[in-house]
Amino acid sequence: MYVSMTGFSRSQTQCKWGAVSVEISSVNHRYQEISVRLPREFASWEPWFHQQLRRVFRRGKVQLRMEVLWAQDYKRGRINRDILRAYCEDIIAVRDELGMRAALNIEGFAGLPGVVDLPSFGEDEENEALETIFSDVLKKAAQSWQTMRETEGAHLRCAVLKDLAALEALVSDIEEKWLPTKEAAFQAMRQRVTETLAKLGDSLDESRYMQEVVILSDKWDVSEEIARLKSHITKFRATGEEGESSGRKLDFIIQEMNREVNTLDSKVADAAIRWQAVEAKACLERVREQIQNLE
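Treat the numbers as computed from the prediction; the structure is a model and nothing was measured. Numbering of residues starts from 1 in every chain and runs along the sequence as written. It should be noted that, the model being predicted, local features are given only for residues of pLDDT at least 70 and side-chain atom pairs only at 80 or more, the latter also being counted only at that level, while totals for whole chains, interfaces and linings use all residues. To obtain the side-chain values, all non-hydrogen atoms of the structure were included, while hydrogens and water were left out.

**Student:** Lay out the pairing of strand S1 (residues 7-15) with the relevant residues and their values.
**Tutor:** In this scheme, a residue with accessible area under 20% of its type's maximum is buried, one over 50% is exposed, and one in between is partly exposed, where area comes from a 1.4 Å probe on protein chains only. Here a helix means four or more residues in a row that DSSP labels H or I, a strand means two or more in a row labelled E, and each is numbered from the N terminus. Alternating positions in S1 separate cleanly, Gly7, Ser9, Ser11, Thr13 and Cys15 being buried on one face and Phe8, Arg10, Gln12 and Gln14 remaining unburied on the opposite face. In this analysis, strands are considered paired if DSSP registers two or more bridges between them. Taken together, the 9 bridges between S1 and strand S2 (residues 18-27) define a ladder with antiparallel strand orientation. Along S2, the bridge assignment pairs Arg10 with Glu23. Between the end of S1 and the start of S2, which pair antiparallel, lie 2 residues.

**Student:** Could you give me a rundown of the nonpolar core, with the residues and numbers involved?
**Tutor:** In globular proteins that are soluble, nonpolar side chains generally tend to be buried together. For the purposes of this section, nonpolar cores are sets of buried Ala, Val, Leu, Ile, Met, Phe, Trp, Tyr and Cys residues that join through side-chain atoms within 4.5 Å. Leu167, Ile226, Phe236, Ile254, Met257, Leu264 and Ile291 are the most contacted members of the largest nonpolar core, which has 29 residues in total. The set of elements that each furnish at least two residues to this core consists of helix H4 (124-200), helix H6 (223-240), helix H7 (247-267) and helix H8 (271-291). For this core, the element with the most residues is H4, which contributes 8 residues. Apart from residues lying up to four places away in sequence, Met257 is in contact with Leu164, Leu167, Leu229, His232, Ile233, Phe236 and Leu284. Within the second largest apolar cluster, 26 residues are counted, among which are Ile34, Phe49, Phe57 and Ala141. Throughout, a contact is declared for two residues whenever any of their heavy atoms are within 4.5 Å.

**Student:** How would you summarise the pairing of S2 if you had to cite specific residues and measurements?
**Tutor:** Extensive coverage of S2 is indicated by the burial of 8 of its 10 residues. Here S2 pairs with strand S4 (residues 60-70) via 10 bridges, running antiparallel. Within S4, the position partnered with Val22 by the bridge is Met66.

**Student:** Describe H8, listing the residues and the values that go with them.
**Tutor:** When the terminal C-alpha atoms of H8 are compared, their 31 Å separation across 21 residues agrees well with the 30 Å that a helix rising 1.5 Å per residue should span. Taken together, the buried positions of H8 are occupied by Ile273, Gln276, Ala277, Ala280, Cys283, Leu284, Val287 and Ile291. One side of H8 carries all its buried residues, which in axial view fall inside an arc of 120°. The exposed set on the far side of H8, more than 90 degrees from its buried face, consists of Ala271 and Trp275. Helix span is expected to be 1.5 Å times the residue number reduced by one. Picture the helix axis, draw a direction to every C-beta atom, and the arc is the one those directions span.

Structure, rendered in structure tokens:
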């Protein structure tokens, strides 16, 4: 399954104290990284959001941002009349003791501790209600975010499979060119070794001679590299169709494929095959660029 690490979503819900909106955005990253930005009233909920997000993705850099449009009646602070009255009585008493007759500015007491009660979410029953609200809005945002990532992943899949088909065609072409010339190349090498030994006037045991020829042939025979490349391509296709995104696993397979192409390129002397090896490297690089975006 192809799931992109890049995505965006926004979800909103309404409750008694206002409208809550959650945005989730993500970009490519090698590991799992989470950033959560909440209104200060809900700062203590940051670990909870981290825990919930870790369950819905495996790698990428994800940022969650919450905004609250507070209801007017709820956001407005409430004056604690008992505390304000106590402040006023104390101020009046001190003023009388000092013989002062200045007018009492009651508005100036609004900033004193306890005079204005602001909304808080410390009660257990309130926390349960908040968790229900946050779970609902986060679930909607996460589902929309996942849908967008899967859609983007489908586009990446088309691009990857197109380049993978081109690579497969190149490998088949290399194999077609290599197989007819393999035996001729082996005989030519054997002839050169024989002529060299004859010129040197040395004699070599037949079994030893064949052993050396086999060792030399391994240095230019690319049959194993071709076979492994074909096997890796098959494994790559199967891995991409698994039930979950496997971007990191696909990246490892690409590394193995690139290693085989490099070995093949270093072994062969045929110019046409070497140019096809270069094209194969270009295909692999394009595939790798795409899968770097996968989760």
